[in-house]
Amino acid sequence: MSHDGVGPRAVMRSVAFLTAGALAVPALAACSADEEVAKPVAAQDIAPATRDLIQDGGTLRWAVDAMPQTLNTFQADADAGTSRIAGAVLPALYRLDANGTPQLNPDYLESAKIVESEPKQVVLYKLNQQAVWSDGREIGAADFAAQWRALSGKDSAYWTARNAGYDRIEKIERGKSNLEVRVTFSRPYADWKSLFSPLYPKDVMGTADAFNDGARRKLQATAGPFALRKIDHKSGEVLLARNPRWWGRPAKLSEIALIAVPRDRREDALANDKVDMAEIDPEEAGRITLAARDKGSAPSQGAGAPMQGPGAPLQGPGAPLQGPGAPLQGSGAPLTPAKAMRAGDFVVRKSLEPAYTQLALNGSEGPLADERVRRAVARAINRDELAKVVLDPLGLPAVPVGSHLALSGQPAYTDNSGALGGQDTKEAQALLADAGWVPGGPVKQQQKKEKEKAAGPEGKKADPEGKKADSDALPDDWTYIVGEDDKNGEADREKVDREKKDPNDHSDKHGKQHAGDEAGKHLDGRQYAPKDNRQGGAPGAYAPKGTAAPAGAAAGALAKDGQALTLRFVLPSGPGSESLRAVADRISWMLERIGIHTETSKVPDDSYFKDHIASGQYDLALYSWPASAFPATDARPIYAKPVPAADGSLTVEQNYTRVGTDQVDQLFDQAIATLDEDESRSLVRKADARIWAAAGSIPLYQRPQLMATRPNLANAGAFGFQTPLYEDMGFLKKGAQGAQHTPGSPTDKEEKDK
């Protein structure tokens, strides 16, 4: 997960409200098998070219966030670099196409199919007879069996991050020949195609020591178009070279060098000729685009206006898309080619990441434990507007995500947002009223300890009007009764001057703001606290004689049982999170319109996920999840209903919103045990509709993916859903030109079908 992402499956798999289940929701009717599958919102942008147009040889220098700490993708600290290396040097029995659908990989398999379903499911793999490890040994049943035993979860000596699917295998045996592998399952498993990708040699999986330690720094054998030649932690470089034993299409490149370059140094690395391809943020993309135009070269695919504003790629592999270095980036600052230096030698490839950003609502305690309040928050949000804030400035399609479990283009996708309903201010207000949150209720003064808890260890609450009321000295029974709003307060607020907060103050409290224009002024992500020197009373306020009510406390406030309706919005404070915070500002303004105040606490990036999201120390948060080709397996722990542990705590798996239902769990269980693909997808869609109805998380937009590449680099860039084909990447021959696609245009396959 990032606080705005991590690599799709490596981490996602590693690393309670009956009313939702009882809702009569028309969207729960799943799509029929003959319904047309929606197309991806944006096509991949990789400068496709046929192999005859690509020169033989050359080294591609590809920026990664950091040196991988392990080469074992099944360990908890596997990251994007780990997955990238595995994709180039290890077998993947299935790989994803441009629509995110798993396709059999003929380099390793001749066929794979279910040959028996009763009394038990049996899958028969027929291997490519040319497939061998780099030491000359044939890939065979022994490798499958060793990986199953290591990942089954039965031997605690193996430090595995995940075992989904492998725990359902009963036995693995050789078929009629060495080229056949029979896998028998103890329980039906719909997502069997997710297994053995990547496949490690038995030398890695055969013993716990080799699995835990041996595969962290080296691999005894590989079997991909490239082989692992060198890992140099001192220089921050992993070197992959052509595999001389590779039996498939020969790699066009001689070498791929994965070079560790932190996000904040990407632009300098590009300008100083240190790398040939790197993920970048929108601000950098805009400068590169301008530099390309100044030089007279063609801009990136689909490049219209200079790319700027919010939005940036998610990073890292595997875990919930989270953590520093993975948030949305870019501040919308003025774009100049001044920093571009030699960046005119690059173009920007852009598409949409196979991941989406969501608004998470912590339903474990407080106001959001009430499903009606969560639904009110959801109905107050204009998802179309938020998608435009992020994607419009980049020239990418601004289409809100309609599913928690798939993205447009994937077979399981259907827009189930109707199960919750679209933006509707009146309906949101009605839900709050039904939950007992009404204007004019009594509001008890918060205690200092409660304030500090809400803000977290790194932040503190700001006074609603930018000046601290002297509340700490007030008696415990101090009560302020909200009366009629100050008639002149609204007009006065529109004239209020804003001051920049102290940079050491990591929090903000959103008071009442005006619409559109004001909300849009802060796309640089900086937070401003309104200043108002007035301290007036409010009709109906009870306070010690002669003491005025706190200024602004009554402004549109909703209250219940003596508590104001205020939600803690926790966000990362790092320099790469400006636009993520800009999205949060817009959301806060939308909530303010229905009477929900938000208090923004900005915390250090390195503690954002661990200390706040995972531990439940938030009410609202923004982070991302990767899409999966196997949602019945990969998404279940994200939405499973939390269960009490022996010590009284909740076991939440990866469900950091703490919102779940028995019905959703049952639908996932049915989907994973159903071998009919159409029926399984129908069950996944039904589960998604109920997840929408529970309103624990609100999908907002698919994350943008921006890649700076050399103009002559082909078959590489913004890959979208598709698994990179490392053997086809390379530099165009002199005078050759690859195909061009505008994001959102037809894919190659669609062109061929015409």
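I will try to describe carefully the structure that is included in this document. (Residues numbered from 1 in each chain as written. Predicted model: local features only at pLDDT ≥ 70, side-chain atom pairs only at ≥ 80, totals over all residues. Heavy atoms only, no water.)

Scanning the chain for helices and strands turns up 21 helices and 28 strands. Considering the chain as a whole, with its 754 residues, one finds that 57% of them fall into the buried category. Element-wise, carbon and sulfur atoms account for 49% of the exposed surface of the chain, whose accessible area totals about 29,600 Å². (Helix = DSSP H or I, 4+ residues; strand = E, 2+ residues; numbered from the N terminus. Buried < 20%, exposed > 50% of the residue type's maximum accessible area, 1.4 Å probe, protein only. Areas by Shrake-Rupley, 256 points an atom, 1.4 Å probe, with all protein chains shown as cover.)

On to the nonpolar core, then. Ranked by size, the top nonpolar core spans 103 residues in total, and within it Trp 62, Tyr 125, Phe 196 and Tyr 639 carry the most contacts. No other element matches the seven residues that helix 4 (residues 141–151) contributes to this core. Non-local contacts of Phe 196, meaning those with residues more than four positions away in its chain, are made with Pro 91, Leu 93, Tyr 125, Phe 144, Gln 147, Tyr 166, Ile 169, Ile 172 and Val 183. (Core = buried A, V, L, I, M, F, W, Y, C linked by side-chain atoms within 4.5 Å. Contact = heavy atoms within 4.5 Å.)

Right, let's talk about the pattern of salt bridges for a bit. Between side chains of opposite charge, pairing is possible as soon as their charged atoms come close. Counted under the stated rule, the structure contains 32 salt bridges. A salt bridge links Arg 95 to Glu 727; its shortest N-O distance comes to 4.0 Å. One end of the pair, Arg 95, is in strand 2 (residues 94–96); the other, Glu 727, is in the loop between strand 27 (713–714) and strand 28 (730–731), with 632 residues separating them in the sequence. Like Arg 95, the residue Glu 727 is buried in the burial classification. Among the ionic pairs, Arg 229 bridges to Glu 255, the shortest N-O distance being 3.1 Å. Residue Arg 229 is located in strand 8 (residues 226–232), and its partner Glu 255 is located in strand 10 (residues 255–260); the two are separated by 26 residues in the primary sequence. Residue Arg 229 is classed as exposed on the basis of its relative accessible area, which comes to 56%. A cluster of three or more residues bridged by salt bridges with shared partners is formed by Arg 51, Arg 95, Arg 249, Glu 727 and Asp 728. (Salt bridge = Lys/Arg side-chain N within 4 Å of Asp/Glu carboxyl O.)

Turning to the pairing of strand 12 (residues 347–361), a few remarks are in order. With respect to burial, strand 12 is a largely interior element, 15 of its 15 residues being buried. Where strand 12 lies against strand 26 (residues 697–709), 11 bridges are found, and the strand directions are antiparallel. Within strand 26, the residue paired with Tyr 356 across the bridge is Gln 702. Direction of pairing for strand 12 relative to strand 23 (residues 620–626): antiparallel, over a ladder of seven bridges. Bridging across to strand 23, Ala 355 finds its partner in Pro 626. (Pairing = 2+ DSSP bridges.)

Attention now moves to the packing of aromatic side chains. The tally for this structure, following the rule as stated, stands at 18 aromatic pairs. Ring plane angle 55° and centroid distance 6.1 Å describe the contact between Tyr 108 and Trp 246, whose orientation is recorded as tilted. Linking Tyr 108 in the loop between strand 3 (102–104) and strand 4 (109–116) with Trp 246 in the loop between strand 9 (237–242) and strand 10, this pair joins segments that are 138 residues apart in sequence. Across the pair, exposure class does not vary: Tyr 108 and Trp 246 are buried alike. With a centroid separation of 6.2 Å and an interplanar angle of 35°, the aromatic rings of Phe 185 and Tyr 189 are classed as tilted. No difference in accessibility class separates Phe 185 from Tyr 189, as the two residues are buried. One aromatic cluster is present, built from ring pairs that chain together Phe 74, Tyr 94, Tyr 125, Phe 144, Tyr 166, Trp 192, Phe 196 and Tyr 200. (Phe/Tyr/Trp six-rings, centres within 6.5 Å; stacked < 30°, edge-to-face > 60°.)

In the contact formed by helix 9 (residues 371–380) and helix 11 (residues 425–434), the axes pass within 8 Å of each other and the chain directions differ by 165°. It follows that helix 9 is roughly antiparallel to helix 11 by the angle criterion. At the point where helix 9 passes helix 11, the crossing takes the left-handed sense. Two secondary-structure elements touch here, helix 9 through Arg 372, Val 373, Arg 375, Ala 376, Arg 379 and Ala 380 and helix 11 through Thr 425, Glu 427, Ala 428, Leu 431, Leu 432 and Asp 434. Its residues assigned to classes, the contact of helix 9 with helix 11 shows six nonpolar, one polar and five charged. (Axes fitted to C-alpha atoms, helices over the stretch in contact; angles between N-to-C directions. Parallel < 35°, antiparallel > 145°, perpendicular 65-115°, else oblique. Left-handed = near helix turned anticlockwise from the far one by under 90°. Nonpolar A, V, L, I, M, F, W, Y, C, P; charged D, E, K, R; others polar.)

This next bit is on the sheet that holds strand 13 (residues 438–439). Sheet strands pair via backbone hydrogen bonds, and the direction of the pair is either parallel or antiparallel. In space, the three strands of this open sheet follow the order 13-19-20, with antiparallel pairing throughout. Every other strand in the sheet has two partners, leaving strand 13 and strand 20 (563–564) as the edge strands with one partner each.

What follows deals with the sheet that holds strand 5 (residues 122–127). The strand order across the open sheet formed by four strands is 4-5-7-6, and the pairing between neighbours is antiparallel. A strand with exactly one partner marks an edge of an open sheet, and here the two such strands are strand 4 and strand 6 (169–174). The mean inter-strand angle of the sheet, taken between neighbouring strand axes irrespective of direction, is 15°. Pairing geometry for strand 4 and strand 5, over six bridges, is antiparallel. Bridge assignment links Glu 116 to a residue of strand 5, and that residue is Val 122. Here helix 4 sits on the sheet in contact with strand 5, strand 6 and strand 7 (180–185), set at roughly 160° to strand 6.

Examined against the element boundaries, Arg 586 turns out to sit in helix 15 (residues 578–592). For Arg 586, the side chain forms a polar contact with the side chain of Glu 385, separated by 2.5 Å. (Polar contact = N/O pair within 3.5 Å; in protein donor to acceptor, adjacent residues only side chain to side chain.)

The next thing to look at is unusual backbone geometry. Residue Pro 119 follows Glu 118 across a cis peptide bond; omega there is 0°. Structurally, the position occupied by Pro 119 is in the loop between strand 4 and strand 5. Phi at Asp 273 is positive, roughly 60°, even though this residue is not glycine. Structurally, Asp 273 is set in the loop between helix 7 (266–271) and strand 11 (277–279).

With respect to the secondary-structure elements, Phe 719 resides in the loop between strand 27 and strand 28. Its relative accessible area of 8% is what places Phe 719 among the buried residues. Along the backbone, Phe 719 and Met 707 are 12 residues apart, and their C-alpha atoms lie at a distance of 9.3 Å. Setting aside residues up to four positions removed in sequence, Phe 719 forms contacts with Gln 44, Ile 46, Trp 62, Gln 705, Pro 724 and Met 729.

Turning to the packing of helix 10 (residues 383–391) against helix 15, a few remarks are in order. Between two packed helices, both the angle of their axes relative to each other and the distance between the axes serve to describe the pair. Relative orientation of the contacting elements helix 10 and helix 15 amounts to 160°, with a least axis distance of 10 Å. Viewed along their axes, helix 10 and helix 15 adopt a mutual orientation that is roughly antiparallel. Handedness of the helix 10/helix 15 crossing: right-handed. For the pair formed by helix 10 and helix 15, the contact residues are Glu 385, Leu 386, Val 389 and Val 390 on the first element and Val 583, Arg 586, Ile 587, Trp 589 and Met 590 on the second. Residues belonging to the contact of helix 10 with helix 15 are distributed by class as follows: seven nonpolar, no polar and two charged.

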